[in-house]
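Listed below, chain by chain, are the residues.
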Amino acid sequence: MSRRLFVAYFEQEEDILGVTRAAKEAGYEIRDVYTPYAVHGLDKAMGLRKSRLPWICLGFALLGATAKLWFQIWTSAFDWPVNVGGKPLASVPAFVPVTFEITVLFAGLGTVAAFLLVSRLRPGKKPLMNFNRATDDRHVLVLVENDAAFDPLEAAALCGRYHSVKMEEMLEEES
Amino acid sequence: MNGHHTHDTMEHDNETSRLDRRDFLKLAGFTFAGVALTGCEQARVEKAIPYLIKPEEITPGKASWYASTCAGCNAGCGILVKNRDGRPIKIEGNPDHPISRGGLCAIGQAQVLGLYDSQRLQGPQINGATSDWPTLDRTIHARLREVRAGNKSVRFLSGTMTSPTTLALLKRFLSSFKDGKHVVYDPISRSAILEAHARTHGIRALPHYRFDRAEVIVGLEADFLGTWISPVEFTAAYGSGRTLEGNPPKCSYHVQIESRLSLTGGRSDKRYAISPSERVPLLEALLALLEGKSQSAKLPHFSFLNDLAGRLNSARGTSLVVCGSNDVASQILTNAINELLGNYGKTLDMQSPSYQHQSNDNALQTLLTEIRGGKVGALFVHGVNPVYDLPKGREIGELLSRLPLVVSFAERVDETAQHAGFVCPEPHPLSSWRDTEAVAGVVSMTQPALAPLENTRSLMESLSEWLGNRASAHELMQQEWRKSVFPRQSAEKDLAAFWNRSVHDGFAAVAPRPHRTEKYDSRPVQNVASPETGADSFELVLYPKVSMGDGRHAHNAWLQEVPDPITKITWDNYAILSEAAAKKLGVLSGDIVRLSFTDPTAASGIELELPTWIQPGQKDSVVAVALGYGRKGTDRFANIGPRWFEGKPSVGPGGLVGVNAAPALQFLNGQLLYERGGVRIERTGRHQTLACTQTYHSIDTPPLLAQGSESRRPYVQYATLAAYAEDRAAGGGPKHESRSMWPEQHEYKGAHWGMMVDLNACTGCAACVVSCQAENNIPVVGKDEVHRNRELHWIRIDRYFVENDGELDVAHQPMMCQHCANAPCETVCPVLATVHSEEGLNQQVYNRCVGTRYCANNCPYKIRRFNWFDYLHEDAKQNMVLNPDVTVRSRGVMEKCSLCVQRIQEQKIEAKKNGKKVADGAIKTACQQSCPAQAIVFGDMNDADSFVSKRIADARRFNLLADLETRPSVGYMTMVRNRTNKSDETPHG
Amino acid sequence: MVDGISILRSPLILGNKSASQVTDDVCAPLDRGPGMTWWFALAVSLSMFTLGVIAVTYQLATGIGTWGLNSTVGWAFDITNFVFWIGIGHAGTLISAILFLFRQRWRTSVNRSAEAMTIFAVICAGLFPIIHMGRPWLAFWVIPYPNFRGPLWINFRSPLVWDMFAIGTYFTISLVFWYVGLIPDLATLRDRAVSKVKKTLFGFFSFGWDGSTRTWQRYETVYLLLAGLATPLVVSVHTIVSWDFATSVIPGWHSTIFPPYFVAGAVFSGFAMVLTLMIIARAVLHFEEYITLHHIESMSKIIIATGGIVAMAYMTELFVSFYSGNEYERFAFINRMLGPYAWAYWIMVGCNVVTPQFLWFRKIRRNVALVFILSIFINVGMWFERFVIITISLTRDYLPASWDNYAPTLIELATLVGSFGLFFTLFLIFARFLPMIAIGEVKAVLSYGRKESHGKAREEEGRKVGEYEGLHGGTS
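What you are looking at is a predicted structure, and each value in this text was computed from that prediction instead of being measured.

So, how was this worked out
- Per chain, residue numbering runs from 1 following the sequence as it is written.
- Written order determines the labels here, with chains lettered from A and ligands numbered from 1.
- Only residues with pLDDT of 70 or above have their local features reported here, since the model is predicted, and side-chain atom pairs are shown and tallied only from 80 upward, although totals for entire chains, interfaces and linings are computed over all residues.
- Side-chain numbers come from the whole structure's heavy atoms, not from hydrogens or water.
- Runs of H or I in DSSP of at least four residues are treated as helices and runs of E of at least two as strands, each being numbered from the N terminus.
- We call two N or O atoms a polar contact when they sit within 3.5 Å, provided that within protein one can donate a hydrogen and the other can accept it, with sequence-adjacent residues counted only if both atoms are side-chain atoms.
- By the convention used here, residues are in contact when the closest approach between their heavy atoms is within 4.5 Å.
- In this description, buried area is defined as the sum, over both parts, of the accessible area (probe of 1.4 Å) that is lost when the two are combined.
- We define a salt bridge as a contact between a side-chain nitrogen of Lys or Arg and a carboxyl oxygen of Asp or Glu at a distance within 4 Å.
- Note on residue classes: Ala, Val, Leu, Ile, Met, Phe, Trp, Tyr, Cys and Pro are nonpolar, Asp, Glu, Lys and Arg are charged, and everything else, Gly too, is polar.
- Think of a 1 Å grid over the protein atoms and nothing else: a 1.4 Å probe that fits but is trapped marks a cavity, an open set flanked by protein within 12 Å on at least five of seven lines marks a pocket, and residues with an atom within 4 Å of a point count as lining.
- Grid points are joined across faces, edges and corners, and a volume is the space filled by probe spheres set on the points.
- Helix span, expected: 1.5 Å multiplied by one less than the number of residues in the helix.
- Relative accessible area decides the class of each residue, using a 1.4 Å probe on protein chains only: under 20% of the type maximum gives buried, over 50% gives exposed, and in between gives partly exposed.
- Any two strands with at least two DSSP-identified bridges between them are counted as paired.
- Helix axes are fitted to C-alpha atoms over the stretch in contact, other axes to C-alpha atoms as well, and angles between N-to-C directions run from 0 to 180 degrees.

(A) Representation of the side chain of E426 of chain B in the model. Residues and elements named next belong to chain B. Structurally, E426 is set in the loop between β16 (422–423) and β17 (434–439). A distance of 2.8 Å separates a polar atom in the side chain of E426 from a polar atom in the side chain of H382. In this view, E426 contacts R120, H382, F409, R434, T456, R457, S458 and L459; residues no more than four positions away in its chain are not counted.

Dropping the structure here:
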């Protein structure tokens, strides 16, 4: 089945902030807000919870560190021990730099991969909702007309109060 | 046979592989991908052909050795020829040989390369066209008949001949003519010594000098450790007189008086620079002093003679005064001095004299006049190259081409042979039978280690042919030995047994032929003619170089690239000037100067143009030039070494390597004189780069950058004999106590190989450099690459000028890989291409090396060598000299001394087969084996009784840069000079 | 947030831009075809690059012998260029990461191109360790991959291996960082693109970005994390590069102060290069209102600071060498100052210690032409710093008999020129096809320092109106 969406366009950062807060208070279901740049405080206004990506980052970092340190000791001291410059077979201090680099590499790539995954971004993907000017200068508020109680006029009025420059309704095919 | 076969395949393979490499590199240039792909097929399998029927004496992969005699010069050192798969690949000294005692000089070491010189004549020549022996013999027989008929005189011109068989044959050959004479001369003539003895002792002979018996040695222009008469023998003897182990330490006192700094002068305890014109007055003064007449007053700057005379007087019978000049007056005075000191019969042996030089310059001059007079009907030239060796060579050449019959025995068409109607090339000494009696009583044997590679015939065979009864050299020798050698010994009863033993040992010790010496006649001393003294102009001194000698080996690339022990220059000769003289002339090293002088006998003035070299220790009024350069055919080296757009040829402006200085020689008082006064020097404004392997020459850092006590680098420990006698550790820095942040994790359970180099014995003669080159397949890189400091020699003999006790000392320090236990090179290699073995060797894994050069940068001794290009033999045939036990390194990999790991493995396998551990001394590295001074010792440091361990325990031992905690396995021993002051000149770093 | 800004702050972006104006301005160079200047610049840098390619090809075909190196001096131009370019590559990440953490919001106008510069510089740098090998076709041997030679691994004690990992990581992370920052702008380009080709291309590379706040929120987190990771990374890279020398035994190389010394030097040279490029860019692409004098001044200040550290390091080096009581250390530095290569040392001091001092004066800092010239001097000086450290130390180390001099060959000079060619070529292509300024980020700071007190008012007023309308609507 499909559902109806109420879409309102705004010009000013403070308008979108205000209207989002208001909509939240008024108990509208906010489908999402599309902005040309990261508007600070908007996520709070929408009531989103903090991202958990930092934990993923930490996980990958630890993985990289342990794996690389083990690999260096294994290759140098166990798999094929060689006397190099009279140094101990496991010259751990000398293994620190590479361990550090691999830690950073794992953490970085891991985090970005996770980000793309959870945000469903990938090369060649078509944007779900494409409000052209949302990547230029328009802030777009999308409300879900979830039940009969939803009154477009009311929503329109609310948005109007925040100088919405344009309002429209549209259908979204739900998969 | 086999030789030919291998030779063909070798050459073929070389061609193909070279092509492949070229293509591969072209491809490599364009894409990294392409490079990476082709890179995988680095290790290509060369096709190998096994023997179907194995020759009895050859086991593939196993070396066979032949005792023989070196023909590099007249000294007649004993050698052992190493054969692999039927071809000689290395020459080593024969330890049992009474003359050389196991050592061998650079020239001797390089002989094996000459064997594979593709420019040697492939067969006999008639009027410049290749011919065959029957035709040649027919023609020569006919010509000789004419000569006999016309009662024309026959002259056989040769260098010193020490072969009993050849001499006997030659005698018979010449006596078959009405007027046949044998004329002997050496390009580096010692005629004056024989002449002087003819006058003072009534016998024209060269004494056998015994440096081992001498406690006080005075060398006057005699470079007896480098080039004079028999350097290898003299070096060993000299060393045996300076062994410091005993108590009190045994150390002769050596004074060197010379006009240019020679290798011998660098070793001396006291050194004085004089000009040639001062020599005779000096000798006269010394003689007078010894006779008790105080004449030195009239020679204030010879005041040192008083002390010297005192020393000599206190060492009567155990002193030795030698003079290197070819001036009879000086030699007569020298004889007088030695006679006065009672040295004859003690340090100068006249009973078994030396035959190493028999040149007779008077006879030579007579011959030249005869030739000019057109009296000579036939001239045979053997072993000498008058057109090149002698002054007015061109004129001689023209005269020769006018003679009815000129026969040359040259190995290639040299300056003289090109004027000879007939050229009868001899086989290379390594592939011919020969005998040599260099010193009376020592008859050395030369046996072929390989069938001749060319269609050649030895002189003996040619003579026998022309005498009408053709026989092989082998037969001829046996006949002669039956007559003249066998009877002179009593050890062996049976000739065959005697012969076999001699072939096996490489020599036979027999009784010398009887020599009658008349009692000393002092008359000649009164009427000595003093040579012309140079006016305000320069005095020119002509000398032979350690590696080049008289130039007969100028075609040997190894010798061309040996750095001169003193100047460290390769690929050139030059005009050596003192700093003051150069300043006066306003020239710097490399500036080309014109040496000009008038010769009374020459129509016009003579000129030489050479680059300058500024040299400490040189007399200000003297300019010195090396002989033996500018040889015909050295233009072959124009393209030796890598070719790229900034690369420069290895030849000089004249298209040859160096300049021939022979035109500056002169006949004076009957002798070929190697010095002349009245030489004018002027700048030409042109410049020529000299390929010197060292850019900085002092052990002291530059004055501008010096910091007081720190100006001297403590690398060459030095002590005076006086100080050493008191404290065996004299001259040593503070002992470095080793500390490490790492736990000890690598102990060497089995052997731990180590090497000690005794700086007190080392003369810097560079024999080890060439020996190492031959053993380890080290390519020649050419002048331009040497100039760019990219020579590949694994041993770099560092030569330092050191100011000790107001003397200019020369210190030689052979630097090879130090095989550090804590090797800085190993830690930094990203790909584990250089690692440490369980026996303490620092190993270089060529096929793993990617060539980052980080190891070389991090080596504090800078002994690592990099393959900047692909280095191919300029002469593909010379690939036959390669040692199959050692990898030939490809472009882009690092290499360095391996302590001859292939020799270590060989001996370990031997020992394993016999089920016992490697005996101390069984393994000899190439450098150690060839060292005439036995300065190098190699062995197992874990074995407390090994020679090397004893050396390490010695108080003179020190390691380089020990405070870097590299823990080298190669160590050095303090140099001690016989001086009385106890001041310890080496600062503690 | 918005109303919390004091009126005193000067705006980061001049000319009262609106968001769409920003989009248009930044995308302008991309929309209007390349001008003559661009083509000319490309022609020049491409021919420089070609020269380099020819030189390297010849060297690969003939041998490292075509360089001026010798048994004593095993590294000279090659590693000097390598360290030089790595140094240049430090500004980008520094601007985007460290300044981001320090909330230096002016960075937004320059970080995009600075990051691009980083990536291109690292590419140039990365080439040298490969071509400097004797057998470059085996370069992959420094990577520990399973093989049938044992397997034979690599020597993790070797600073060169550390280098390989450090530079590899640095390049990857910088690239990711840069691209993540690029995604929203690519979306912008996608949506304003008219031609089909551009639409599909930008569409493909913009990963389906739609500006959803949910994504923006994660995006910000990721950006913060990457910044946090990149900061120690950027420090580690030059630290490790400096260990190539610091861990060796060669006097002049073996020095414990190298890591901070090299990092400061890197930032120093990096910012000099950023200035050089930005000053050209703002002139050619008319970005004066985005890359303002304020930016140039801030960067000049950073140069004074890092230049100070570098000067300090030079003096410390001297002091340590003389205080050490180690004759080799002392000699190494006296030889630098008075030896055969003294000229190089004094060029270094002149360019790196004297030049930055001019920037103390506000007048000079605000004089674009002068700053440009000074930045060039610093670039030269920093190249010589590496030459002095690497080459002069090698020419005269321990054994006087092994001392030797070094002079570059034409091939080496051509290779250096070529690396600059490559760098500028890449940068020009970037400037032509991607937004040189982070559109999204600039929009975020548009209001910054602008008098926005009416913002609140509008909201208030809005409510009233709304209420009224609502009431009204309610009644109808």
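(B) How the structure looks around the interface of chain B and chain C. Facing the 75 residues of chain B at the interface are 71 residues of chain C. Between chain B and chain C, the buried area comes to about 6100 Å², and carbon and sulfur atoms account for 60% of it. At the junction of chain B with chain C, the criterion picks out two salt bridges. The partner of D78 of chain C in a salt bridge is R853 of chain B, and the shortest N-O contact between them spans 3.1 Å. Inspection of the region where chain B meets chain C yields 38 residue pairs in polar contact (both at pLDDT 80 or more). Element by element, the count of residues in the side of chain B that touches chain C is highest for helix α1 (residues 2–30) of chain B, at five residues. Residue classes in the side of chain B that touches chain C are distributed as 38 nonpolar, 19 polar and 18 charged.

(C) Expanded view of empty space enclosed by the protein. Residue and element names in this part refer to chain B. The volume enclosed by the second largest cavity comes to roughly 480 Å³. In terms of lining, the second largest cavity is formed by 36 residues, of which the most central are C73, I107, T227, P231 and G549. Elements that contribute at least two residues to the lining of the second largest cavity include exactly α3 (106–115) and α7 (231–240). For the lining of the second largest cavity, the residue count by class is 19 nonpolar, twelve polar and five charged.

(D) Quick look at the interface of chain B and chain A. In this complex, chain B contributes 13 residues to the contact, which on the side of chain A involves ten residues. Regarding the contact of chain B and chain A, the summed buried area is about 1100 Å², with carbon and sulfur atoms giving 65% of it. At the surface where chain B touches chain A, the tally comes to zero salt bridges. Of all the elements in the fold, those that place two or more residues in the side of chain B that touches chain A are α24 (824–828) and β34 (834–836) of chain B.

(E) Quick peek at helix α2 (residues 36–62) of chain C. The end-to-end C-alpha separation of α2 of chain C is 39 Å, in line with the 39 Å expected for 27 residues at 1.5 Å each. Within the sequence span of α2 of chain C, burial applies to W38, L42, S45, G52, A55, V56, T57, Q59, L60 and T62 of chain C.

(F) Spotlight on the sheet that holds strand β12 (residues 319–323) of chain B. Residue and element names in this part refer to chain B. Pairing is parallel across the open sheet formed by four strands, whose spatial order is β11-β10-β9-β12. The strands lining the two open edges of the sheet, one partner per strand, are β11 (270–273) and β12. Across the sheet, the axes of successive neighbouring strands diverge by a mean angle of 10 degrees, strand direction being ignored. Here five bridges tie strand β9 (residues 216–220) to β12, and the two strands are oriented parallel to one another. Note on β12: the bridge partner recorded for L220 is C323. Packed onto the sheet, helix α10 (residues 304–313) meets β9, β10 (253–258), β11 and β12 and runs at close to 140 degrees relative to β10.

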